[in-house]
Amino acid sequence: GKAQLDGELAGLKRSWEELQASLAALKQAKALLEDEKAALQKQKDDELAAVTANYEGLAAGLKAEISAGAVTISSLKGKLTVNLVDRILFDSGSAEVKPAGRKVLASIGAVLNQVEDKDIRIEGHTDNVPISGDLRSRYASNWELSTARATSVARYLQDHAAVDPLRLVAAGLGQWRPVAPNDKPENKALNRRIEIILVPRD
């Protein structure tokens, strides 16, 4: 009868209203997701722009050293790395930064101070030639030499380029992460290096 039809109609109306409410909620969720996606994309674009600007700033400040093959700069997965061959910073077997190296570190420090949201990891690397002769009294192995060199760079950046020491990490990796086989002099020279890496804050 009519009462049954009215009941069915009321039920259909309720179902229709519930569907409309679900559809509105879905539309709102979709809009929120799209906003979130746009915000993430903007963040990625901003980070890429910042890394590019830092790269360009370093490249401009170190033009002469890059031309001479003493410095290379690379950017991979948002990490910016400045690679310095040891001869520009140190005399053979020494961990004291020499005058030409101080000039280079001053240029690098000026750029590092503009990138406040990153930590600075300084890694010392050597070739695989064992420490010998008088040097053994100062550095028992390549571990010690690489660590002393990384620490010297960190200290210089703190003391003379006013880089916040809270951002600095000094690490010695010895001979264990070569970038070339230690089979000829020019390859060994590539392995004797300091890497300064900008890494996201933990």
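Look a little higher up for the structure.
In this report, the structure presented in the accompanying data block is examined.

Reading the values: rules and limits
Along each chain, the written sequence defines residue order, and numbers are assigned to residues from 1. Given that the model is predicted, a residue must reach a pLDDT of at least 70 before its local features are reported, and side-chain atom pairs must reach 80 or more before they are shown or counted; all residues, however, enter totals for whole chains, interfaces and linings. Side-chain metrics in this entry use all non-hydrogen atoms of the structure; hydrogen atoms and water are not considered. Between buried and exposed lies partly exposed: a residue is buried under 20% and exposed over 50% of the maximum accessible area for its type, with that area taken using a 1.4 Å probe on protein chains only. Per the convention used, a helix needs a DSSP run of H or I reaching at least four residues, while a strand needs a run of E reaching at least two, with both numbered from the N terminus. Two strands pair if DSSP finds at least two bridges between them. Polar contact criterion, stated in full: a pair of N or O atoms within 3.5 Å, where within protein one must be able to donate a hydrogen and the other to accept it, and residues adjacent in sequence count only if both atoms are side-chain atoms. What counts as an axis is a line fitted to C-alpha atoms, over the stretch in contact for a helix, and the angles between N-to-C directions run from 0 to 180 degrees. By definition in these notes, contact holds between two residues if any of their heavy atoms fall within 4.5 Å. Criterion for a salt bridge: a side-chain nitrogen of Lys or Arg within 4 Å of a carboxyl oxygen of Asp or Glu.

1. Some details on the pairing of strand S2 (residues 79-85)
Along any regular strand, the residues point their side chains to alternate faces of the sheet. S2 sits mainly inside the fold: six of its seven residues count as buried. Note that strand S1 (residues 71-76) and S2 share six bridges and pair antiparallel. The residue bridging Ser74 from the neighbouring strand is Thr81, located in S2. Where S2 meets strand S5 (residues 193-200), six bridges bridge the pair, whose relative direction is antiparallel. Bridge assignment links Val85 to a residue of S5, and that residue is Arg193.

2. Observations concerning the side chain of Asn83
Within the fold, Asn83 resides in strand S2. The exposure class assigned to Asn83 is buried, which follows from its relative accessible area of 18%.

3. Side note on the environment of His160
By the secondary structure assignment, His160 is in helix H5 (residues 142-161). In the structure, His160 is positioned 55 residues away from Leu105 in sequence and 9.0 Å away in space, judged by C-alpha atoms.

4. What to know about the side chain of Ser146
Examined against the element boundaries, Ser146 turns out to sit in helix H5. A distance of 2.9 Å separates the side chain of Ser146 from the backbone nitrogen of Gly174, its partner in a polar contact.

5. Some details on the sheet that holds S1
The five strands are arranged S1-S2-S5-S3-S4 in an open sheet whose pairing can be described as mixed. Whereas interior strands pair on both sides, the edge strands pair on one side only; in this sheet they are S1 and strand S4 (168-172). In this sheet, adjacent strand axes meet at a mean angle of 20° when their direction is disregarded. Where helix H4 (residues 99-112) meets the sheet, its contacts fall on S1, S2, strand S3 (118-125) and S5, and the angle it forms with S5 comes to roughly 5°. Running at roughly 160° to S4, H5 makes contact with S3, S4 and S5 of the sheet.

6. What to know about unusual backbone geometry
Trans is the common state for peptide bonds, and a negative phi is the common state for residues other than glycine. Unusually for a residue other than glycine, Ala162 sits at a positive phi of about 55°. Here Ala162 is to be found in the loop between H5 and S4.

7. Some words on the pattern of salt bridges
Tallied over the entire structure, the rule returns eleven salt bridges. One salt bridge in this structure joins Lys30 and Glu34, with 3.6 Å as the shortest N-O distance. One end of the pair, Lys30, and the other, Glu34, are both in helix H1 (residues 2-61), four residues apart, so they sit about a helical turn from each other. Note on Lys30: relative accessible area 52%, which makes it exposed. Judged by its relative accessible area of 46%, Glu34 is partly exposed.

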